[in-house]
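# Structural characterization, general
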Amino acid sequence: MGAEVHEGENDGGADVNRGVDREFLSLERELTLLLRRARASSGEMARQVHPDLEPAAYGLLVCLDDSGPQRATDLAAYIGVGKATMSRQLRALEELGLVAREPDPADGRAWLVHLTEEGGTRFRTVRAGRREQYVRKLAGWDRVEVAELARLLRQLNESPES
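Keep in mind it's a predicted model, so treat the numbers as computed, not measured.

### Points about the packing of aromatic side chains
Evaluation of the coordinates by the stated rule reveals one aromatic pair. Ring plane angle 50° and centroid distance 5.4 Å describe the contact between Y58 and F123, whose orientation is recorded as tilted. Note that Y58 is positioned in helix α2 (residues 58–67) and F123 in helix α5 (residues 117–137), a separation of 65 residues in sequence.

In structure tokens:
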């Protein structure tokens, strides 16, 4: 792995980064900045979809648009929240007219959540605008680099948490 970092000593002279690889410190710094910016961006995009949409619910719309109708339990697992949180978010999305539920044809006891026509239209309009921002921001990147970044982020997202 990478070299140990022996910089960044605090005023007491103790090495605050002893044993930590420089690459992982850099990764933490860059991910922290990316996530902070993504949270702000998600809030803005959520408001564009609907002024009363919670920023956290934007990810649900992404999932439903990408994968089609889903059970609430599958959405909760995908996003990484509990059933109660998911129920609250879905109820709010239903009240805004962005999603609806229908019986699961494979299991009459379960329900599938899907985007409404209005929800899909609003979401896809905002998503297209976001995609254009990425295209502009990464205009100087080679398409292979963009694909590699997407692959690496997917790999990170699919890694089990420990």
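Continuing now.
### Looking at the environment of E94
Within the secondary structure, E94 sits in helix α4 (residues 83–95). For E94, a relative accessible area of 30% puts it in the partly exposed group. In this structure the C-alpha to C-alpha distance between E94 and G119, which are 25 residues apart in sequence, comes to 9.6 Å.

### Overview of the pairing of strand β1 (residues 99–104)
Note that β1 and strand β2 (residues 107–115) share six bridges and pair antiparallel. From the neighbouring strand, P103 faces β2, where its bridge partner is W111. Counting the residues that bridge the hairpin from β1 to β2 gives two residues.

### Regarding the environment of A110
Its location among the elements puts A110 in strand β2. Overall, A110 belongs to the buried group, its relative accessible area being 13%. Taking C-alpha positions, A110 is 9.8 Å from T73, a pair spaced 37 residues apart along the chain. If we skip the residues at most four places from it in the chain, A110 touches R71, E102, P103 and D104.

Rules used throughout
Residues numbered from 1 in each chain as written. Predicted model: local features only at pLDDT ≥ 70, side-chain atom pairs only at ≥ 80, totals over all residues. Heavy atoms only, no water. Phe/Tyr/Trp six-rings, centres within 6.5 Å; stacked < 30°, edge-to-face > 60°. Helix = DSSP H or I, 4+ residues; strand = E, 2+ residues; numbered from the N terminus. Buried < 20%, exposed > 50% of the residue type's maximum accessible area, 1.4 Å probe, protein only. Pairing = 2+ DSSP bridges. Contact = heavy atoms within 4.5 Å.

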